[in-house]
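So you can see what is in the structure, the chains are spelled out below.
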Amino acid sequence: MLARIGLLALAVMLTAGCSRVLDTQSVESEIKDKLEQQLSGVTVEIDCPEDIEAKKGESFDCIATSEDDNKAKIVVTQTDDEGSIDFRVEELLDEG
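Now for a quick tour of the structure. Remember, predicted model here, so these are calculated numbers, not experimental data.

This part is about the sheet that holds strand β4 (residues 85–93). The four strands lie next to each other as β1-β2-β3-β4, forming an open sheet whose pairing is antiparallel. In this open sheet, the two edge strands, each paired with only one partner strand, are β1 (44–47) and β4. Each strand of the sheet is rotated relative to its neighbour by a mean of 30°, with strand direction disregarded. Judged from the eight bridges that link them, strand β3 (residues 71–78) and β4 form a sheet pairing that is antiparallel. Across the sheet, A72 pairs through a bridge with L92, a residue of β4. Contacting β1, β2 (59–66), β3 and β4, helix α2 (residues 24–38) crosses the sheet at an angle of about 150° to β1.

If you want it as structure tokens, here you go:
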């Protein structure tokens, strides 16, 4: 019985230290698809940081680069802890 309690306590401690990380490729793909649709076929590439903890309300920045090398800062806000997001184009960035 004590062994079971000890194993259960160990399992709780191990999972408590683990956090869910966003699927960066999925986030980039979602932003890319929506931006290209809004921009009527302009091709963009999206670069987001890796290892972002999934946490409702948290924000992070990505960079969108168009086929002619124009860049824009994208602010991404997590709408839940499961990877759902909203985003907005925050600002155009200087070339160079």
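What follows picks up the thread again.
If you walk through the whole model with that rule in mind, you get six salt bridges. Close ionic contact of E30 with K34 constitutes a salt bridge, the shortest N to O distance being 3.0 Å. In this pair, E30 and K34 are both assigned in helix α2, four residues apart and thus about one turn of the helix distant. Residue E30 is classed as partly exposed on the basis of its relative accessible area of 25%. In this structure, the salt-bridge partner of R88 is E90, at a minimum N-O distance of 3.0 Å. With a relative accessible area of 45%, R88 lands in the partly exposed category. Members of the salt-bridge network, linked through shared partners, are K32, E36 and E45.

Taken together, the side chains of E53, E58, D81 and E82 make up a negatively charged region of the molecular surface. Mapped onto the elements of the fold, E82 is located in the loop between β3 and β4.

Residues I31, I46, F60 and C62 are the most contacted members of the largest nonpolar core, which totals 15 residues. Only α2, β1, β2 and β3 provide two or more residues apiece to this core. Filtering out sequence-adjacent residues up to four positions away, I46 remains in contact with E28, I31, K32, L35, C62, I63 and A64.

Quick notes on the rules
Residues numbered from 1 in each chain as written. Predicted model: local features only at pLDDT ≥ 70, side-chain atom pairs only at ≥ 80, totals over all residues. Heavy atoms only, no water. Pairing = 2+ DSSP bridges. Helix = DSSP H or I, 4+ residues; strand = E, 2+ residues; numbered from the N terminus. Axes fitted to C-alpha atoms, helices over the stretch in contact; angles between N-to-C directions. Contact = heavy atoms within 4.5 Å. Salt bridge = Lys/Arg side-chain N within 4 Å of Asp/Glu carboxyl O. Buried < 20%, exposed > 50% of the residue type's maximum accessible area, 1.4 Å probe, protein only. Patch = residues over 30% accessible without salt bridge, like charges linked within 9 Å, V, L, I, M, F, W, Y side chains within 5 Å. Areas by Shrake-Rupley, 256 points an atom, 1.4 Å probe, with all protein chains shown as cover. Lys, Arg positive; Asp, Glu negative; His and termini not counted. Charge placed at Lys NZ, Arg CZ, Asp CG, Glu CD. Core = buried A, V, L, I, M, F, W, Y, C linked by side-chain atoms within 4.5 Å.

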